[in-house]
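Read off the chains here:
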Amino acid sequence: MAITYISPRKLKKYYIDPSCDAKFDQQFDGFVQQAMEYARRAVNRLTSSSDLDFARVYETLFKMPKSDKQRFNWANDFRLMNPHSASVRMTAYEHVIGVLRDFATNWRRTPNHWEADVRFHCDAQTRFIPIHHSSSSSSSPRALTYLDPTNSVFNTGSFPSNLTRQAFTSYELSTEGSANGQVHNLFGLTGIQGQSNVQNPARVVIDLGQATWEAFSDSTRRAKRKTSTRYHDNASVSDLGMLLKSKVESKVDDDVSQWSSVPKIIFHEMMHCRYYGLCDANANATVGWQSCMDVVRWGSGPSCVVLNAESYAMLGLMAWLADIRPDDEETAGGYTLSREDEGERVKGVVRFYADITA
Ligand SMILES: [Zn+2]
């Protein structure tokens, strides 16, 4: 079976602000790399015809088998950024592979925030300034919003509630400086000339929330006390942050239980970038296993599972669980969704299996 996997293919760049390295103990790029590794693992497992286990995980999360033949047009942003897909209708499986393969392959770190497609920050929003602007809504032309002057983007979400979120993404470009017109720099980037710099017009900004870096620093403190993490032979996916530790990483005697959740948060937010254009399909709860289960398979607009950022991030996390073993388990194998009971499966219960692909 010949399948053409559509991918934007363009090499994309991310920038890590020093505020992230300060809050995450210089390990932030490692978390980005790990998120990309989740995606690589998911692609490898999904495209393996002998990995029946992961096909089942995909079917549970995306509510359709890999073989589902229905083709449809994808998110506007994804198509705009992807010249191949504007005229190609893909199956859900082809789209999932395309997004995950691109995320796993086509991102590089850059030291220049102005050229980056994605910029990571972690400063409790202190760089944002409240501003009245008229571009976001005609009904409330003087709406209060928040400008990130470093990246020339607005955050138009619920700014106070961002303080309690794991992370959030700002993508409405500031019109500030647009009077100066479009400029092309020496590298062929088309940007908006602001006060003194040139910005990548595809930029989005990902802020890691206070809750995320506090959980990270808590886990660091716990690791220093050498409190061991107990394993169970089953667990709910939402508990995984507390229960899991990879054997490889445990060699350095660290408790990675909380850290392991940072890559998944990064994964989720990366799915909101312009190249993938995925959304939070579940307005009530945007993260967690249950939030993925509660979105519909198909729907009008962005409410369906195949456009849901968290479903992709969860698939990546599930692929990585194959590498996780209990402390006392010396054989191969890893964690995956329960095979015994579909009721357990839809609740996100995971168990250890010696043969992970069965
Ligand atoms: Zn989201």
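Keep in mind it's a predicted model, so treat the numbers as computed, not measured. The residue numbering used here restarts from 1 in each chain and proceeds along that chain's sequence as written. Per-residue local features of the predicted model are confined to residues with pLDDT of at least 70, and side-chain atom pairs are confined, for both listing and counting, to 80 or more; whole-chain, interface and lining totals are unaffected and use all residues. Values reported for side chains reflect all heavy atoms of the structure, with hydrogen atoms and water molecules removed beforehand.

Peer 1: I'm lost on the nonpolar core in this one. Help?
Peer 2: Taken as a class, soluble globular proteins show a tendency for nonpolar side chains to be buried jointly. Grouped together as the largest cluster of nonpolar side chains are 74 residues, with contacts concentrated most on Leu61, Phe103, Trp107, Phe120, Phe267, Tyr312 and Leu315. Labels follow the DSSP assignment, with helices taken as runs of H or I lasting at least four residues and strands as runs of E lasting at least two, numbered in each case from the N terminus. A per-element tally of this core places helix α2 (residues 28-46) first, with ten residues. Excluding residues within four positions of it along the chain, Tyr312 makes contact with Phe62, His95, Val96, Val99, Leu100, Phe267, Met271, Leu278, Val305 and Val306. In this text, buried Ala, Val, Leu, Ile, Met, Phe, Trp, Tyr and Cys residues form a nonpolar core when linked through side-chain atoms within 4.5 Å. Exposure is judged per residue with a 1.4 Å probe applied to protein chains only, and the accessible area is read against the type maximum: over 50% gives exposed, under 20% gives buried, and values in between give partly exposed. We call two residues contacting when some pair of their heavy atoms lies within 4.5 Å.

Peer 1: Quick question: what am I supposed to make of the pattern of salt bridges here?
Peer 2: Note that side chains of opposite charge can pair when their charged atoms are close. For this document, the term salt bridge refers to a Lys or Arg side-chain nitrogen within 4 Å of an Asp or Glu carboxyl oxygen. Under the counting rule described, the total for this entry stands at 17 salt bridges. We note a salt bridge from Lys264 to Glu310, for which the minimum N-O separation is 2.8 Å. One end of the pair, Lys264, is in helix α10 (residues 261-270); the other, Glu310, is in helix α12 (residues 309-320), with 46 residues separating them in the sequence. Taking relative accessible area as the criterion, Glu310 reaches 0% and is therefore assigned buried. Overlapping salt bridges, with partners in common, bring together Arg45, Asp51, Asp53, Arg56 and Arg339 in one network.

Peer 1: Sorry, what's going on with the sheet that holds strand β14 (residues 204-208) here?
Peer 2: Each strand in a sheet pairs with its neighbour through backbone hydrogen bonds, running either in the same direction (parallel) or in the opposite one (antiparallel). The strand order across the open sheet built from five strands is β4-β1-β5-β14-β9, with neighbouring strands paired in mixed fashion. The two strands at the open ends of the sheet, each matched to only one other strand, are β4 (107-109) and β9 (167-170). In this sheet, adjacent strand axes meet at a mean angle of 25 degrees when their direction is disregarded. By the convention used here, strands pair only if DSSP detects at least 2 bridges between them. Examined bridge by bridge, strand β5 (residues 118-121) and β14 share four bridges and lie parallel to one another. When the bridges of β14 are listed, Arg119 appears paired with Val205. For helices, the fitted line uses only the C-alpha atoms of the stretch in contact; every axis is such a line through C-alpha atoms, and the angle between N-to-C directions lies from 0 to 180 degrees. Docked against the sheet, α2 engages β1 (12-16), β4, β5 and β14, running at close to 145 degrees with respect to β1. On top of the sheet, α10 reaches β4, β5, β9 and β14; it is set at about 25 degrees to β9, its chief contact.

Peer 1: Is there a simple way to explain unusual backbone geometry in this structure?
Peer 2: Excluding glycine, residues mostly have negative phi values, and the peptide bonds linking residues are mostly trans. A positive phi angle is found at Gln26, which is not glycine, with a value near 65 degrees. The residue Gln26 is located in the loop between α1 (18-23) and α2 in this model. With a phi angle near 60 degrees, Lys63 is a residue other than glycine that sits in the positive phi range. Relative to the helices and strands, Lys63 resides in the loop between α3 (52-62) and β2 (71-72). The partly exposed category is assigned to Lys63, whose relative accessible area is 26%.

Peer 1: Which parts of the structure should I look at to understand the coordination of the zinc ion?
Peer 2: Octahedral six-donor coordination of a metal ideally yields angles of 90 or 180 degrees, compared with 109.5 degrees for tetrahedral four-donor coordination. Here the coordinating atoms are restricted to nitrogen, oxygen and sulfur within 2.8 Å of the metal centre, or 3.2 Å for Na, K and Ca, and because water is not among them the sites may look incomplete. For the zinc ion, every protein donor is listed as His268 (NE2), His272 (NE2), Asp280 (OD) and Asp280 (OD), and the spread of their distances is 2.0 to 2.5 Å. In this scheme the shape depends on donor count and angles: four donors with every angle between 85 and 135 degrees give tetrahedral, four or six donors with opposite pairs above 155 degrees and others between 65 and 115 give square planar or octahedral in turn, and any other case is irregular. Its four donor atoms give the zinc ion angles of 55 to 140 degrees at the centre, a pattern that matches the irregular case. Counting residues between consecutive donors of the zinc ion along the chain gives the motif H-x3-H-x7-D. Placement of the pair is His268 in helix α10 and Asp280 in the loop between α10 and α11 (289-293), with a sequence separation of twelve residues.

Peer 1: Teacher, can you tell me more about α10 here?
Peer 2: For an α-helix, the turn length of 3.6 residues means that residues three or four places apart are oriented alike. In terms of residue burial, α10 counts as a mostly covered element, since nine of its ten residues are buried. Looking at α10, one finds that the buried residues are Val262, Pro263, Lys264, Ile265, Ile266, Phe267, His268, Glu269 and Met270.

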